[in-house]
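# Working through the structure, step by step
Below are the chains, spelled out letter by letter.
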Amino acid sequence: MSFELPDLPYAYDALAPYMSAETLEFHHDKHHQAYVTKGNELLAGSGLEGKSLEDVVKESFGKNAPLFNNAGQHYNHIHFWKWMKKDGGGTSLPGALASAIDSDLGGYDKFRADFIAAGVGQFGSGWAWLAVKDGKLEIMKTPNGENPLVHGASPILGCDVWEHSYYIDYRNARPKYLEAFIDNMINWDYVLEMYEAATK
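Given the structure is predicted, the values throughout are model-derived calculations rather than measurements.

### Brief notes about the packing of helix α2 (residues 53-60) against helix α3 (residues 65-82)
In the contact formed by α2 and α3, the axes pass within 9 Å of each other and the chain directions differ by 140°. Accordingly, the angle class assigned to the pair α2 and α3 is oblique. Between α2 and α3 lies a crossing whose hand is left-handed. Of α3, the residues touching α2 (which contributes Leu53, Glu54, Val56, Val57 and Ser60) are Leu67, Phe68, Ala71, Gly72, His74, Tyr75 and Ile78. Looking at the contact of α2 with α3 residue by residue, the class counts come to 8 nonpolar, 3 polar and 1 charged.

### With respect to the layout of surface pockets
For the largest pocket, the calculated volume is near 200 Å³. Taken together, Leu53, Glu54, Lys58, Tyr75, Ile78, His79, Leu149, Ser154, Pro155, Met194, Ala197 and Ala198 make up the lining of the largest pocket. Mapped onto the lining of the largest pocket, the elements with two or more residues apiece are α2, α3, β3 (154-160) and α8 (188-198). Residue composition of the lining of the largest pocket, grouped by class: 8 nonpolar, 2 polar and 2 charged.

### Things to note about the UniProt feature "domain: Manganese/iron superoxide dismutase N-terminal" (unreviewed entry) in the chain
Taking the numbering used here, the UniProt-annotated feature "domain: Manganese/iron superoxide dismutase N-terminal" (unreviewed entry) corresponds to residues 2-84. Helix and strand shares over residues 2-84 are 59% and 0% respectively, and the end C-alpha atoms of the span are 25 Å apart.

### Comments concerning the UniProt feature "domain: Manganese/iron superoxide dismutase C-terminal" (unreviewed entry) in the chain
The feature "domain: Manganese/iron superoxide dismutase C-terminal" (unreviewed entry), as given by UniProt, occupies residues 95-192 in the numbering adopted here. Helix makes up 47% of residues 95-192 and strand makes up 23%, while its end C-alpha atoms are separated by 9 Å.

### What to know about the domain arrangement of the chain
Along its sequence, the chain is carved into domain 1 (19-81) and domain 2 (93-197). Here domain 1 and domain 2 have C-alpha centroids that lie 19 Å from each other. Counting from both sides, the interface comprises 20 residues of domain 1 and, opposite them, 22 residues of domain 2. When domain 1 packs against domain 2, the two sides together hide about 1,800 Å² of surface, and 64% of this comes from carbon and sulfur. If you sort the residues of domain 1 by the area they bury against domain 2, Met19, Asn76 and Phe80 come out on top, with a joint share of 28%. There are 0 salt bridges connecting domain 1 and domain 2. If you list the elements that add at least two residues to the side of domain 1 that touches domain 2, you get α1 (21-43), α2 and α3. Here the element with the most residues in the side of domain 1 that touches domain 2 is α3; it accounts for 8 residues.

### A short note on the nonpolar core
Of all hydrophobic cores here, the largest spans 62 residues; its most connected members are Leu157 and Phe181. Lining this core are residues from two domains, each supplying at least three of them: domain 1 (19-81) and domain 2 (93-197). Apart from the residues lying within four places of it in its own chain, the contact partners of Leu157 are Trp83, Phe111, Phe115, Ala128, Trp129, Leu130, Phe181, Ile186, Trp188 and Val191.

### Quick notes on α3
Because each turn of an α-helix spans 3.6 residues, side chains separated by three or four positions end up pointing in the same direction. Across its 18 residues, α3 extends 26 Å between first and last C-alpha, which sits within 8% of the 26 Å expected from 1.5 Å per residue. Burial of α3 is extensive: 13 of the 18 residues sit out of reach of the surface.

### Here's the deal with the pairing of strand β1 (residues 126-133)
Across the 8 residues that make up β1, a large majority, 7, are buried. Where β1 and strand β2 (residues 136-143) come together, 8 bridges link them in antiparallel fashion. From the neighbouring strand, Trp127 faces β2, where its bridge partner is Thr142. Hairpin connection of β1 to β2: 2 residues between the antiparallel strands, including Asp134 at a positive phi of 50°.

Thresholds applied
Residues numbered from 1 in each chain as written. Predicted model: local features only at pLDDT ≥ 70, side-chain atom pairs only at ≥ 80, totals over all residues. Heavy atoms only, no water. Axes fitted to C-alpha atoms, helices over the stretch in contact; angles between N-to-C directions. Helix = DSSP H or I, 4+ residues; strand = E, 2+ residues; numbered from the N terminus. Parallel < 35°, antiparallel > 145°, perpendicular 65-115°, else oblique. Left-handed = near helix turned anticlockwise from the far one by under 90°. Contact = heavy atoms within 4.5 Å. Nonpolar A, V, L, I, M, F, W, Y, C, P; charged D, E, K, R; others polar. 1 Å grid on protein atoms, 1.4 Å probe; cavity = no way out; pocket = protein on both sides within 12 Å on 5 of 7 lines; lining within 4 Å. Points joined across faces, edges and corners; volume = space filled by probe spheres on them. UniProt positions renumbered as here; feature names shortened; annotations may be inferred. Domains from an automatic or database assignment. Buried area = accessible area lost by both parts, 1.4 Å probe. Salt bridge = Lys/Arg side-chain N within 4 Å of Asp/Glu carboxyl O. Core = buried A, V, L, I, M, F, W, Y, C linked by side-chain atoms within 4.5 Å. Buried < 20%, exposed > 50% of the residue type's maximum accessible area, 1.4 Å probe, protein only. Expected span 1.5 Å × (residues − 1). Pairing = 2+ DSSP bridges.

Here it is in structure tokens:
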């Protein structure tokens, strides 16, 4: 298989004012495209051609850093675009997800605070995650292009805290960006879809 840049599932201005069209144009059209282009170059001759993207990510981790970095970021961004929607976020979560957050993470307010803290606390570039590990929800953070797949977990929500994801709109105010992501952008229906797949 070769990597392909997916279309955004909404218009470039759909997430404004929380994420601008300018940010999405640079982030999707330039940064994600670069991971796809470089990833395809590195996939050729790697011995991982023909494998699923998830398998490429897992099998290149710790063995082929350049391929892993680009494949990991491709995987992360495919889902990142779907983890957001116009008029998203807020506290109206699908029932199964709300119950799991209550039982595994101590409720929505604690989840919100801990997820923001994970993103703020990730030094340099990386991601904040909500993942399923051993059947339970867990908040994680990873550097650069790493994701929960390589740490024995299944990501169901991720927020990109590389500066290119927020600097145009928030400058260096990463906490404000994370608050806006949770409160106004999360597509909880897609999070539920990934949660159900991870807990089958």
